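# Residue-level structural notes
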There are 2 protein chains.
Amino acid sequence: MPKELHDPIASRLGYLLRRASATMMADLGEALGAVGLRPVEGTILILVGANPGCIQSELGRALGIKRANMVPLIAGLTAQNYLEKSPVDGRSFALSLTPRGEEARARVDGIMDAHEAGFARLLADVDQQQLRAALSLIASGRD
Amino acid sequence: MPKELHDPIASRLGYLLRRASATMMADLGEALGAVGLRPVEGTILILVGANPGCIQSELGRALGIKRANMVPLIAGLTAQNYLEKSPVDGRSFALSLTPRGEEARARVDGIMDAHEAGFARLLADVDQQQLRAALSLIASGRD
DNA sequence: TATTGTTATACTCTATAACTATA
DNA sequence: TATAGTTATAGAGTATAACAATA
């Protein structure tokens, strides 16, 4: 039987958030394994589906991902025939889902619904509206 | 004025958690910059302070950090004279705070208190007991 | 002058495999 | 056989700097 440490940080809000976030992201990542996509990739398909014609800089701003780091993400999804690029400018490309991308997006959406529902069942006794409001407040920060 | 995307994932619990966690960890990291320590290092000082004589494997288990990744963490804190190792076994070392480590631990504790208080002020209208309970439930997962 | 896409690069965090020595 | 510490390594994720083409 392994020794258990007295843990004075386990009750800190920041670490509770970190653990809860890690658990949910790991669960989502495992669930999305069924479509062969990572959470960030599934999210991009959903965002492009909701905003056909958007450009990758806009996606990066919405997701908090730097332009430089969007390049391999979009290139990967395009190479796998999930996304199409068509020039709008001389410098940017309108993104849209291919038929295969739309099919994947629908599956991702269903997987995310089931993923959320699984945790919602766990939170039956919790005011979810208040929980979401609290998380939004925290995310907005102290400043 | 930059175009704003319609964002159907911003309301998902997992992403709310991720953003809230990122904001709090960034704030804590910035605050701990005053002691020249990262959040994980401050946490280790607090855990060793509460559990003198513990070994690094136990810390790793408490923090969800693999043994291999504990090595440079403990080595760094020992090299900076925050931690002391004394052999208990032929294979493991009891960890304790040096005087310098205890001084840093106290400062870290104060910084973490202020950090938490800043966000608690933001959550004046929230049932924090219920918030913490919800986060614990999520962290424990669906299984 | 600001923005878009891009390359290159680096640093952190995390993960596994393999080894040693000890229990 | 299991555990503690270690090394090496690989993969994400994220950050900056710099550049070309375009607005």
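As the structure is a prediction and not an experimental result, all values here were calculated from the model.

## What about the overall build of chain A?
- Across its full length, chain A carries six helices and two strands.
- Ordering the α and β elements of chain A from the N terminus gives α-α-α-α-β-β-α-α.
- With respect to the three principal axes, the spread of C-alpha positions in chain A is 60 × 35 × 35 Å.
- Split into buried and exposed, the 143 residues of chain A put 31% on the buried side.
- Taking contacts inside chain A between residues at least 6 apart in sequence as the whole, the part at least 24 apart equals 51%.

## What about the relation of the copies chain A and chain B?
- Rotating chain A by 180° and moving it 0.0 Å along the rotation axis overlays it on chain B with an RMSD of 0.1 Å. Such values leave the two copies arranged in the relation of a two-fold axis.
- Taken as a fraction of all interface residues of chain A, those also at the interface in chain B reach 100%, which identifies the copy contact as same-surface.

## As for the protein's contact with DNA strand C
- Around DNA strand C, 19 residues are found, and the nearest of them are Ser-57, Ala-68 and Ser-92 of chain A together with Ala-68 and Gly-90 of chain B.
- Every element with two or more residues in the surface near DNA strand C is listed here: helix H3 (56–63) and helix H4 (67–79) of chain A together with helix H4 (67–79) of chain B.
- Broken down by element, the surface near DNA strand C gets its largest block of residues, four residues, from H4 of chain A.
- Within the surface near DNA strand C, the residues separate by chemical class into eight nonpolar, five polar and six charged.

## As for the nonpolar core
- Counting residues in hydrophobic clusters, the biggest one holds 61 residues, and the most contacted among them are Leu-17, Leu-45 and Val-48 of chain A together with Leu-17, Leu-45 and Val-48 of chain B.
- Leu-17 of chain B has contacts with Leu-17, Ala-20, Ser-21, Met-24 and Leu-135 of chain A, leaving out every residue within four places of it along the chain.

## Overview of the interface of chain A and chain B
- Taken together, the contacts link 49 residues of chain A with 49 residues of chain B.
- Put simply, the parts of the chain that give the side of chain A that touches chain B at least two residues each are helix H1 (13–32), helix H2 (39–50), H3, helix H5 (99–122) and helix H6 (128–140) of chain A.
- The biggest single contributor to the side of chain A that touches chain B is H1 of chain A, with 13 residues.
- Counted by class, the side of chain A that touches chain B contains 27 nonpolar, ten polar and twelve charged residues.

## A look at H2 of chain A
All names here are of chain A.
- Across its twelve residues, H2 extends 17 Å between first and last C-alpha, which sits within 8% of the 16 Å expected from 1.5 Å per residue.
- Counting buried positions along H2 gives nine out of twelve residues, so the element sits mostly inside the fold.
- Among the residues of H2, those classed as buried are Pro-39, Glu-41, Gly-42, Thr-43, Ile-44, Leu-45, Ile-46, Leu-47 and Val-48.
- Turning to H2, the residues buried within the fold contact H1, H3, H4, strand S1 (83–87), strand S2 (93–97) and H5.

## Observations regarding H5 of chain A
- For H5 of chain A, which comprises 24 residues, the first-to-last C-alpha distance of 35 Å matches the rise-based estimate of 34 Å (1.5 Å per residue) to within 8%.
- Against the buried residues of H5 of chain A lie H1, H2, S1 and S2 of chain A together with helix H1 (13–32) and helix H6 (128–140) of chain B.

## Let's talk about the pairing of S2 of chain A
All names here are of chain A.
- For S1 and S2, the ladder comprises five bridges, and the chain directions are antiparallel. Bridging across to S2, Pro-87 finds its partner in Phe-93.
- Connecting the antiparallel pair S1 and S2 is a turn made up of five residues.

## A closer look at the protein's contact with DNA strand D
- Close contacts around DNA strand D come from 19 residues, with Ala-68 and Gly-90 of chain A together with Ser-57, Ala-68 and Ser-92 of chain B the closest.
- Among the elements that make up the surface near DNA strand D, the one with the highest residue count is H4 of chain B (four residues).

## What about the UniProt feature "domain: HTH marR-type" (unreviewed entry) in chain A?
- With numbering aligned to this structure, UniProt lists the feature "domain: HTH marR-type" (unreviewed entry) at residues 30–131 of chain A.
- Annotated as residues 30–131 of chain A, this span is 63% helix and 10% strand, and its ends, taken at the C-alpha atoms, are 24 Å apart.

## Focus: the packing of H3 of chain A against H4 of chain A
All names here are of chain A.
- Packing of H3 against H4 leaves a shortest axis separation of 9 Å and a crossing angle of 115°. By the angle class used here, H3 and H4 are roughly perpendicular. Once H3 is placed against H4, the crossing between them reads as right-handed. Residues Gln-56, Ser-57, Leu-59 and Gly-60 of H3 form the contact with H4, whose own contacting residues are Arg-67, Met-70 and Ile-74.
- For the contact of H3 with H4, the class distribution of residues is three nonpolar, three polar and one charged.

## Comments concerning the environment of Leu-47 of chain B
- Within the element layout of this structure, Leu-47 of chain B appears in helix H2 (residues 39–50).
- Using a count of 22 C-beta atoms within 10 Å as the deciding quantity, one classes Leu-47 of chain B as buried.
- Separated by 36 residues in sequence, Leu-47 of chain B and Ser-11 of chain B place their C-alpha atoms 35 Å apart.
- Ignoring sequence-local partners within four residues, the contact set of Leu-47 of chain B consists of Leu-5, Asp-7 and Ile-9 of chain A together with Leu-59 and Ala-62 of chain B.

Reading the values: the criteria
Residues numbered from 1 in each chain as written. Chains lettered and ligands numbered in written order. Predicted model: local features only at pLDDT ≥ 70, side-chain atom pairs only at ≥ 80, totals over all residues. Helix = DSSP H or I, 4+ residues; strand = E, 2+ residues; numbered from the N terminus. Buried ≥ 20, exposed ≤ 12 C-beta atoms within 10 Å, placed from the backbone. Contact = placed C-beta atoms within 7 Å. Least-squares fit on C-alpha atoms with pLDDT ≥ 70 in both. Near = placed C-beta within 6 Å. Nonpolar A, V, L, I, M, F, W, Y, C, P; charged D, E, K, R; others polar. Core = buried A, V, L, I, M, F, W, Y, C linked by C-beta atoms within 7 Å. Expected span 1.5 Å × (residues − 1). Pairing = 2+ DSSP bridges. UniProt positions renumbered as here; feature names shortened; annotations may be inferred. Axes fitted to C-alpha atoms, helices over the stretch in contact; angles between N-to-C directions. Parallel < 35°, antiparallel > 145°, perpendicular 65-115°, else oblique. Left-handed = near helix turned anticlockwise from the far one by under 90°.

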